[in-house]
Amino acid sequence: MAGLVPAIHVFYVAPCIKTWDRRTRLVPGPAGGRTRVPGMTASMATFMQIALEEARAAGVRGEVPVGCVIVHDNKVIASAGNRTLAERDPTAHAELIAIRAAAAALGSERLTECDLHVTLEPCTMCAAAISFARVRRLYFGAADPKGGAVEHGVRFFAAPTCHHRPEIYGGISESECAALLKDFFQARR
């Protein structure tokens, strides 16, 4: 990987997982090599900002501040923040709530033409739902070394039993997403 632009996150676990930085993303090339394509677009940043607004609203409610947006044809069709406390439901993660809303909006359990933007690396449960829904692309903000399942932990999408692997881009607005979580937990200590 010598000579490439330094990246925020580098994934080596599966050919479907990409490397991301603010200027360039690297994608699988011929014979397993990597190829450069244009970097982050304004719409990607805008969608992550909407996810951050959802995360802030969740934090105000006392929930862990994670927000998610699902985009179809460059339009937001679903957005959510964590609601595990409000709903007394351990599965009420932002990603799952948004996936349910997007499936209802499209009238299909398959979100094959949809992109999911979330402020924190998805956990195993959310990664499985993303796979089952056949989400086209996953964009996430902050890495989660303790509970994440994309580049950390079980690395769900790298498992040979994973039926669908979205394109994955980590580190989108990472510092802002990480600061939101850090401030939330610092205030509770």
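Basis of the calculations
- Residues numbered from 1 in each chain as written.
- Predicted model: local features only at pLDDT ≥ 70, side-chain atom pairs only at ≥ 80, totals over all residues.
- Heavy atoms only, no water.
- pLDDT = per-residue confidence, 0-100.
- Contact = heavy atoms within 4.5 Å.
- Buried < 20%, exposed > 50% of the residue type's maximum accessible area, 1.4 Å probe, protein only.
- Helix = DSSP H or I, 4+ residues; strand = E, 2+ residues; numbered from the N terminus.
- Pairing = 2+ DSSP bridges.
- 1 Å grid on protein atoms, 1.4 Å probe; cavity = no way out; pocket = protein on both sides within 12 Å on 5 of 7 lines; lining within 4 Å.
- Points joined across faces, edges and corners; volume = space filled by probe spheres on them.
- Nonpolar A, V, L, I, M, F, W, Y, C, P; charged D, E, K, R; others polar.
- Axes fitted to C-alpha atoms, helices over the stretch in contact; angles between N-to-C directions.
- Salt bridge = Lys/Arg side-chain N within 4 Å of Asp/Glu carboxyl O.

Moving on, we come to the confidence of the model for the chain. For the chain, per-residue confidence averages 84 on the pLDDT scale, and 78% of positions sit at 70 or higher. Segment residues 1-38: pLDDT under 50, and 95 contacts once partners within four positions in sequence are set aside and those in other chains are kept.

Let's shift gears to the pairing of strand β4 (residues 67-72). With respect to burial, β4 is a largely interior element, five of its six residues being buried. The hairpin formed by β4 and strand β5 (residues 75-81) contains two residues between the paired strands, and Asp-73 there has a positive phi angle of roughly 55 degrees. The sheet contact formed by β4 and strand β6 (residues 114-120) spans five bridges and is antiparallel. When the bridges of β6 are listed, Cys-68 appears paired with Val-118.

What the largest pocket holds in volume is close to 450 Å³. When residues of the lining of the largest pocket are assigned to their parent elements, the largest contribution, five residues, is made by helix α4 (residues 174-187). A per-class count over the lining of the largest pocket returns 10 nonpolar, five polar and six charged.

Turning to the sheet that holds strand β7 (residues 137-142), a few remarks are in order. Strand order in the open sheet made by the five strands is β5-β4-β6-β7-β8, with mixed pairing throughout. What marks the edges here is a single partner per strand, and that holds for β5 and β8 (167-170). Strand after strand, the sheet turns through a mean of 15 degrees between neighbouring axes, direction not considered. Bridging between β6 and β7 involves five bridges; their strand directions are parallel. Along β7, the bridge assignment pairs His-117 with Tyr-139. Its contacts with the sheet put α4 on β6 and β7, and the angle it makes with β7 is roughly 60 degrees.

As a further point, take the pattern of salt bridges. Under the defined criterion, the tally for this structure stands at six salt bridges. Between Glu-87 and Arg-83 there is a salt bridge; the shortest N-O distance is 3.3 Å. Its salt-bridge partner being Asp-115, residue Arg-137 comes within 3.2 Å of it at the nearest N-O pair. Of the two residues, Arg-137 sits in strand β7 while Asp-115 sits in strand β6, which places them 22 residues apart along the sequence. Take Asp-115: its relative accessible area is 8%, and that puts it in the buried class. Among the charged side chains, a salt-bridge network with shared partners connects Glu-113, Asp-115, Arg-136, Arg-137 and Glu-167.

To continue, consider unusual backbone geometry. In this structure, Asp-73 takes a positive phi of about 55 degrees despite not being glycine. The topology assignment puts Asp-73 in the loop between β4 and β5. Here the phi dihedral of Asn-74 falls at roughly 65 degrees; this positive angle occurs in a residue that is not glycine. Structurally, the position occupied by Asn-74 is in the loop between β4 and β5. The class of Asn-74 is exposed, set by a relative accessible area of 54%.

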